[in-house]
Structure formats: structure tokens, C-alpha cells
Amino acid sequence: IYERLIAVPGVSDWMAEMFLLFGLGRVDVLLAHDKHVRERYIALEPEAAAGPGGADFTPARFLDAAEDYSPWRGVVSWFLWQATYGNELTGGLPA
């Protein structure tokens, strides 16, 4: 579904991920192309990022780093997304 969505003109990777997670309720969709979700992940797991401030932490690297959270990467994304907008997470992510 993801590949077919991004093939549609005007549909970005971010939009396709959002639709799969929030529109279709797919719980294993990581919001890898959401800049704020990646930034929040780096804040909780700084060793996952290479370079200052996670400058090299691409969506592909985020997918690799979050592999351990499968099949619940969408749940992790949702919590990271919530934390971006004022709902703070403490203690890091479970290993």
C-alpha cells in the first residue's frame, strides 16, 4: 500500500505513513519521515544518532534503529509524536 500511495503525485512519504498509521490503524508503521518524531527519538536514544544533533539520522537509519520495536513501531511513533507536542516522556524507551 505504501509504495502505491507514494506513486500518486502529491503524496509524500510522510503523508503515506500518516495515512497508514492513523487512517488505517496499522500499528507497525514508523513515522520515519516525520522530523519531530525523529528528533524526539534522538533525544531519548542519543546513541542512535550519528553527528551533532542527529544530522545524519535519516528516515532509513530511523527504520533500522526502530526494528526492535516491531510490530509496535506505530505505537512508539504515536508516543514520540505526543511528546513532541508537550506530553513529555521520561525514562526513555523500553529496550
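Numbers given to residues run from 1 along each chain, matching the order in which its sequence is written. Only residues with pLDDT of 70 or above have their local features reported here, since the model is predicted, and side-chain atom pairs are shown and tallied only from 80 upward, although totals for entire chains, interfaces and linings are computed over all residues. Where side-chain values are given, they derive from all heavy atoms of the structure, hydrogens and water being excluded.

Enquirer: Just checking my understanding: could you explain the nonpolar core for this structure?
Expert: In this text, buried Ala, Val, Leu, Ile, Met, Phe, Trp, Tyr and Cys residues form a nonpolar core when linked through side-chain atoms within 4.5 Å. Each residue is assigned to one of three classes by its accessible area relative to the maximum for its type, calculated with a 1.4 Å probe on protein chains only: buried under 20%, partly exposed between the two thresholds, exposed over 50%. The biggest cluster of nonpolar side chains holds 19 residues, and the ones touching the most others in it are Tyr41, Phe57, Phe62 and Leu80. Secondary structure elements are taken from DSSP: a helix is a run of H or I of four residues or more, a strand is a run of E of two residues or more, and numbering for both begins at the N terminus. Those elements giving two or more residues to this core turn out to be α2 (13-23), α3 (35-44) and α5 (73-84). Of the residues forming this core, the biggest block, four residues, is contributed by α3. Excluding its chain neighbours within four sequence positions, the residues that come into contact with phenylalanine 57 are Arg38, Tyr41, Ile42, Ala48, Ala49, Phe62 and Ala65. Note on contacts: a residue pair is in contact if any heavy atoms of the two residues lie within 4.5 Å.

Enquirer: Sorry if this is basic, but what is going on with unusual backbone geometry here?
Expert: Residues other than glycine predominantly adopt negative phi, and peptide bonds predominantly adopt the trans conformation. Going from serine 70 to proline 71, the amide bond is cis rather than trans, its omega being 10 degrees. Tracing the backbone shows proline 71 in the loop between α4 (59-65) and α5.

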